[in-house]
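# Working through the structure, step by step
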Amino acid sequence: MANRSAARLTLPTLLTLTAIVTVLPFVAMVLVAFAPPSSQTFPDAFYPSRWTFDNFARVLSSSDIPRWTVNSLLYSLVSVVFVLLFAAMAGYAFAKKRFPGRELMFWAFLATLMVPFQATLIPSYILISRLDWVDSYWGLIVPTLANSQAVFLLRQFIGQLPDELFEAAEIDGAPEWKIFTMIVMPLIRPALATLGIFVFLWHWNDFLWPLVIGQSANMQTLTVGLATLQTQSVPINQIMAGATITVVPSLLVFGLLQRYLTDSITMSGLKG
């Protein structure tokens, strides 16, 4: 009995400590962003003499910030749309279609998850440079559209859909594009929304690939642009203000799609 009581107390304590450690860097970033220039370090940032929006105003007044924001939004939103589309099409084919070499092709495609991105960075850059896509949206977006993790997740989700739905549609003479758009896509909407959140966050917070491809200031994303501010003797308060601004779109996307995320978890728990 005493062991059970101790376990009940220990688990919430560990979860609380984990949450504090996870949230603390974010809280520190926001505090420094709102602190005046005289309070750039801790513990001064925890007890600023006043709160100010000057750091945000100066960051937003920079001529590069709007351009970086547009680049990040294009990179993230366009990638989300096409990653979900291609992953849904591939997942549907791997889950419900029968063709020679299907399993071999799927597992070979899935094996790319075992290869770290750093190992393919140089070959990818050479390929993009030969296509003359360096420092362009094509080079920034296209190499990220083939997402094996997204294909695997949607293939597993689509595989749980009843085969009778597709057999009935084929008997009625529905073409493949109609089956895909009117049966598959509506049924996997919670999974698409959940995956869309993660794909958006992956691209919005991506740093290495935009750093390699975006060689001019006009093609830099917010993550890369804010990193370059550190080399320009910009006060840490303004850098933290810019970092705080980059969090806002992620929170908005998560807030808008949170209901679908909950639905996806619920549906996954009910199946089987």
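Predicted, not measured: the structure shown is a model, and the values here were computed from it.

Criteria and thresholds
Residue numbering note: each chain is counted from 1, following its sequence as written. pLDDT decides what is reported in this predicted model: residues at 70 or higher carry local features, side-chain atom pairs at 80 or more are listed and counted, and totals for whole chains, interfaces and linings draw on all residues regardless. Note that water and hydrogens are dropped before the side-chain values are worked out from all heavy atoms of the structure. Counting from the N terminus, the helices are the DSSP runs of H or I reaching at least four residues and the strands are the DSSP runs of E reaching at least two. Here the term buried applies to any residue with accessible area under 20% of the maximum for its type, exposed to any over 50%, and partly exposed to those in between, with areas from a 1.4 Å probe on protein chains only. Any two residues whose heavy atoms approach within 4.5 Å are treated as being in contact. Each accessible area is a Shrake-Rupley result for a 1.4 Å probe, and residues are judged covered by the shown protein chains and nothing else. Expected span of a helix: the number of residues minus one, times 1.5 Å. The seven residues ending at a residue and the seven starting there each receive a fitted axis; the angle between those axes is the bend at that residue. UniProt positions are given in the numbering used here, feature names are shortened, and annotations may be inferred rather than shown by experiment. Salt bridge, as used here: a side-chain nitrogen of Lys or Arg that lies within 4 Å of a carboxyl oxygen of Asp or Glu. Confidence per residue, as judged by the predictor, is encoded in pLDDT with a range of 0 to 100. Throughout, an axis means a line fitted to C-alpha atoms (over the contacting stretch in the case of helices), and angles, computed between N-to-C directions, take values from 0 to 180 degrees. The scheme is simple: roughly parallel for angles under 35 degrees, roughly antiparallel for over 145, roughly perpendicular for 65 to 115, oblique for anything else. This arc is taken over the directions from the axis of the helix to the C-beta atoms.

## Some points on the overall build of the protein
For the protein, the helix and strand inventory stands at 13 helices and zero strands. The N-to-C order of helical and strand elements in the protein reads α-α-α-α-α-α-α-α-α-α-α-α-α. Among the 272 residues that make up the protein, the fraction classed as buried is 35%. When contacts within the protein are restricted to residue pairs at least 6 apart in sequence, those whose partners lie at least 24 apart make up 75%. Carbon and sulfur atoms form 68% of the exposed surface of the protein, whose accessible area is close to 16,100 Å².

## Digging into unusual backbone geometry
You will see that Asp 132, though not glycine, has its phi angle at about 60°, which is positive. Along the chain, Asp 132 falls in the loop between helix H5 (117-130) and helix H6 (137-141). Under the relative-accessibility criterion, Asp 132 is labelled exposed at 65%. The phi torsion at Asp 135 lies on the positive side, around 65°, for a residue other than glycine. Along the chain, Asp 135 falls in the loop between H5 and H6.

## Considerations on H5
Since there are 3.6 residues in each turn of an α-helix, residues three or four apart along the chain are aligned in direction. For H5, which comprises 14 residues, the first-to-last C-alpha distance of 20 Å matches the rise-based estimate of 20 Å (1.5 Å per residue) to within 8%. Its axis deflected by about 25° at Pro 123, H5 carries its strongest bend there.

## Observations regarding the UniProt feature "transmembrane region" (unreviewed entry) in the protein
The sites that carry the UniProt feature "transmembrane region" (unreviewed entry) are, in the present numbering, residues 12-35, 73-94, 106-128, 179-202 and 239-257. Between the end C-alpha atoms of residues 73-94 there is a gap of 31 Å, over a span that is 100% helix and 0% strand. End C-alpha to end C-alpha, residues 239-257 measures 29 Å, and it is 100% helix and 0% strand.

## Focus on the pattern of salt bridges
Under the criterion given, the structure shown has five salt bridges. One salt bridge connects Glu 170 with Lys 97, and the closest N-O pair in it is separated by 3.7 Å. Of this pair, Glu 170 sits in helix H8 (residues 163-171) while Lys 97 sits in the loop between helix H3 (64-96) and helix H4 (102-110); the two residues are 73 residues apart in sequence, bridging distant segments of the chain. On the accessibility criterion, Glu 170 (44% relative accessible area) is partly exposed. Between Glu 176 and Lys 97 there is a salt bridge, and its shortest N-O distance comes to 2.5 Å. Within this pair, whereas Glu 176 is found in helix H9 (residues 176-187), its partner Lys 97 is found in the loop between H3 and H4, the two being separated by 79 residues in sequence. Three or more residues joined by partner-sharing salt bridges are found here, namely Lys 97, Glu 170 and Glu 176.

## Focus: the confidence of the model for the protein
Looking at the protein, pLDDT values average 83 and 87% of them are 70 or higher. The element-level mean pLDDT for the protein is lowest in helix H13 (residues 236-270), coming to 72, with H6 highest at 94.

## Details of the packing of H9 against helix H10 (residues 189-204)
Contact geometry of H9 with H10 gives a least axis separation of 4 Å together with a crossing angle of 60°. The angle between the axes of H9 and H10 places the two elements in the oblique class. Residue-level inspection shows Met 185, Pro 186 and Leu 187 of H9 in contact with H10, the latter providing Arg 189, Pro 190 and Leu 192.

## Regarding H4
Turning to H4, its buried residues number three or more, namely Arg 102, Phe 106 and Leu 110. Buried residues in H4, looked at end-on, bunch into an arc of 60°, giving them a common side. Contacts made by the buried residues of H4 are with H3 and helix H7 (148-159).

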